[in-house]
Amino acid sequence: MGLVQMPSLKDYWSVKMLYKNYVAKNIMSRNRFELIPRFWHFADNDQAPESDRIFKIRNLITKMVHNFQNIMELEEMMAVDGTMVPFHGRLKFKQYIPGKEHKYGIKLFKLCSVNWYTYNMEVYAGKSHTDGRGLFCRVVVDLCSGYLNCGRTIITDNFYTSLNLVNELLEKNTHLIGTLRSNRVKLPDVTKVKLQPGQIVGKDEEKGCYHVIYSS
């Protein structure tokens, strides 16, 4: 099915000349195939904790991430970003993000290399306890937890970047490069300066641990 695309699932078992093929029907009947995903389980429902909305597929995700990390070794530079998996069914944590190509779906947070190979990922299943760090700070630190204290550099966009995240990563010998929203809390005064077109100003943190560059 990955190699031969059909207009609909039932067409793989069609006897019409336009769609006819012998691969699917020689393996199993259409009725049996349709029953498999209907009853396919990766976990015991009786053991599902109420707080874990993705318990049914957590073991599958863990195996996938384990395989991702064993195939390729992470480079010095890594990026954290989000992506949408298109989905229009009924789901409590289905997201609507107007700016995305797929507006409705399941949001994933991903740790990737500079060429977008995925090393780690987390399914966003709604608001959860963040230990006072904020969702985006927790997401970045958790995704990179196995790769910290090695002098690596993380790249983020303004959705994740904050000075709290910078300080936490610096404590773990990890650097951060990212754009910064002007409405974030605890920003230095340099971000409030009115600039002329094309003007750029910068400021070092008191201890010289990080730099903030502000441009018009």
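Structure: see above.
Reading the values: the criteria
- Residues numbered from 1 in each chain as written.
- Predicted model: local features only at pLDDT ≥ 70, side-chain atom pairs only at ≥ 80, totals over all residues.
- Heavy atoms only, no water.
- Pairing = 2+ DSSP bridges.
- Helix = DSSP H or I, 4+ residues; strand = E, 2+ residues; numbered from the N terminus.
- Contact = heavy atoms within 4.5 Å.
- Expected span 1.5 Å × (residues − 1).
- Buried < 20%, exposed > 50% of the residue type's maximum accessible area, 1.4 Å probe, protein only.
- Arc of directions from axis to C-beta.
- Salt bridge = Lys/Arg side-chain N within 4 Å of Asp/Glu carboxyl O.

1. Things to note about the pairing of strand β5 (residues 153–156)
Here's step 1: Across three bridges, the pairing between strand β1 (residues 77–86) and β5 is parallel. Residue pairing for β5: Ala79 is matched across the bridge by Ile155.
Here's step 2: Relative to strand β6 (residues 175–178), β5 runs parallel, the two sharing four bridges. Directly across from Thr153, in β6, lies its bridge partner His175.

2. Description of the environment of Ser113
Here's step 1: In this structure, Ser113 sits in the loop between β3 (104–112) and β4 (118–123).
Here's step 2: For the pair formed by Ser113 and Met78, sequence separation is 35 residues and the distance between their alpha carbons is 4.7 Å.
Here's step 3: The contacts of Ser113, once residues within four sequence positions are left out, are Glu75, Met77 and Tyr119.

3. Observations concerning helix α3 (residues 55–71)
Here's step 1: Along its 17 residues, α3 runs 25 Å from first to last C-alpha, staying within 8% of the 24 Å computed at 1.5 Å per residue.
Here's step 2: Listed as buried for α3 are Phe55, Ile61 and Val65. Angular distribution of buried residues about the axis of α3 spans 70°; they occupy a single face of the element. Every exposed residue of α3 that faces more than 90 degrees away from the buried side is listed here: Lys63, Asn70 and Ile71.
Here's step 3: Structurally, α3 contributes buried residues whose contacts are with β4.

4. A word on the pattern of salt bridges
Here's step 1: What the rule picks out here adds up to five salt bridges.
Here's step 2: Between Lys172 and Glu168 there is a salt bridge whose closest N-O contact spans 3.8 Å.
Here's step 3: Each of Glu122, Arg138 and Asp142 takes part in one network of salt bridges that share partners.

Structural measurements only, silent on function.
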